[in-house]
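The residues making up each chain are set out below.
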Amino acid sequence: MVRIYIISILFLLLGCSDNNDMLPSGSQLLKNSDFSANPDNVSPWVAISSPGFNLGVSGEVFKNGSRSVFIENIDSLNQNTGNWKQSYTGPAPRAGRTLRMRAFLKGENINLRGPGSNIYISMRAFPVQDSRGSSLGRFISSQDRILVTGTFDWRPIELVLNNAPEEIDFITVYLVMGPRVTGRVYFDDVTLTVD
């Protein structure tokens, strides 16, 4: 009986020593995914505004909760980008797991005006390079995969990183209006899940 008890304790200790096992399938890693958790702000989301962009919070246009965030640009020659970001700093997903980022977008008069011009989502694992100097599998973006244009009601956009890399300190997700895009885009229900 004592032997079984000791083996059980060892199994628990060894199993719990790897904090990567703390993320069961379906774990949602982002906080405040509908931008409505706090009536005063959208923390931990952070707006990164460049000249020419208007980044804000809307209490009138939203898919769920009571708010969404938006990015707007009216200058068709603007080469900057505007984005919202959030970093996940909890236990890292085990190497090889699948990470799925999903956001809902609503567009108003979105026009793309040149190469690299798009509305997109992306995620980056930090550090940018692992201890071997490899950056493989540490960044993914919908920029060149899914064109977002026109006026449209809420629709999903999704990224899947099929093989999470090793040595992750934190993961940052971005909601982006790229260079030379005009119009306004709203984002809501942004999730990052472990499959």
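Please read these numbers as outputs of a predicted model, since none were measured by experiment.

Caption draft 1: Structural view of unusual backbone geometry. Look at the link from S43 to P44: it is a cis peptide, with omega at 10°. Looking at where P44 falls in the secondary structure, it is placed in the loop between β1 (27-28) and β2 (46-48). Residue N32 is not a glycine yet carries a positive backbone phi of 55°. Relative to the helices and strands, N32 is located in the loop between β1 and β2.

Caption draft 2: Representation of the confidence of the model for the protein in the model. When pLDDT is averaged along the protein, the result is 88, and 89% of the positions lie at 70 or above. Within the model, the stretch residues 4-20 combines pLDDT values under 50 with 5 contacts to residues more than four positions away or in other chains.

Caption draft 3: Inspection of the pattern of salt bridges at higher detail. Applying the stated criterion across every chain, the model contains 9 salt bridges. Between D195 and R100 there is a salt bridge, with the nearest N and O atoms lying 2.7 Å from each other. Of this pair, D195 sits in the segment after β11 (181-194) while R100 is found in strand β6 (residues 99-112), placing the two residues 95 residues apart along the sequence. Given a relative accessible area of 32%, D195 falls into the partly exposed group. Residues R132 and E167 are paired through a salt bridge, measuring 4.0 Å at the closest nitrogen-oxygen approach. Of this pair, R132 sits in the loop between β7 (119-126) and β8 (139-141) while E167 sits in the loop between β9 (150-161) and β10 (170-177), and the two are 35 residues apart along the sequence. Taking the relative accessible area as the measure of exposure, R132 reaches 61% and is therefore exposed. Salt bridges sharing partners connect three or more residues here, namely R100, R102, E158 and D195.

Caption draft 4: Structural view of the pairing of β10. Burial analysis of β10 places 7 of its 8 residues in the buried class, the great majority of the element. Two strands pair when backbone bridges link them, and strand β5 (residues 82-88) and β10 are joined in this way by 7 bridges, in the antiparallel orientation. Residue pairing across strands places Q86 opposite V173, the latter belonging to β10. With 8 bridges joining them, β7 and β10 adopt antiparallel strand pairing. Of the residues in β10, the one forming a bridge with Y120 is V176.

Caption draft 5: Expanded view of the side chain of N32. Overall, N32 belongs to the buried group, its relative accessible area being 11%. Within the structure, N32 has its side chain in polar contact with the backbone nitrogen of A37 (distance 2.9 Å). In contact with N32, other than residues within four places in its own chain, are A37, N41, V42, S43, P44 and W45.

Caption draft 6: Highlighting the nonpolar core. Ranked by size, the top nonpolar core spans 40 residues in total, and within it M123 and L175 carry the most contacts. Looking at this core, the elements with two or more residues in it are β3 (53-58), β4 (68-73), β5, β6, β7, β9, β10 and β11. When residues of this core are assigned to their parent elements, the largest contribution, 6 residues, is made by β11. Counting residues in hydrophobic clusters, the runner-up holds 5 residues, among them V61, F70, F104 and Y186.

Caption draft 7: Summary view of the environment of G26. The topology assignment puts G26 in the loop between α1 (2-16) and β1. Classification of G26 by relative accessible area gives partly exposed; the value is 49%. Sequence separation between G26 and D195 is 169 residues; the distance between their C-alpha atoms is 5.5 Å. Not counting residues up to four positions away in its chain, the partners in contact with G26 are T193 and V194.

What counts and how
- Residues numbered from 1 in each chain as written.
- Predicted model: local features only at pLDDT ≥ 70, side-chain atom pairs only at ≥ 80, totals over all residues.
- Heavy atoms only, no water.
- Helix = DSSP H or I, 4+ residues; strand = E, 2+ residues; numbered from the N terminus.
- pLDDT = per-residue confidence, 0-100.
- Contact = heavy atoms within 4.5 Å.
- Salt bridge = Lys/Arg side-chain N within 4 Å of Asp/Glu carboxyl O.
- Buried < 20%, exposed > 50% of the residue type's maximum accessible area, 1.4 Å probe, protein only.
- Pairing = 2+ DSSP bridges.
- Polar contact = N/O pair within 3.5 Å; in protein donor to acceptor, adjacent residues only side chain to side chain.
- Core = buried A, V, L, I, M, F, W, Y, C linked by side-chain atoms within 4.5 Å.

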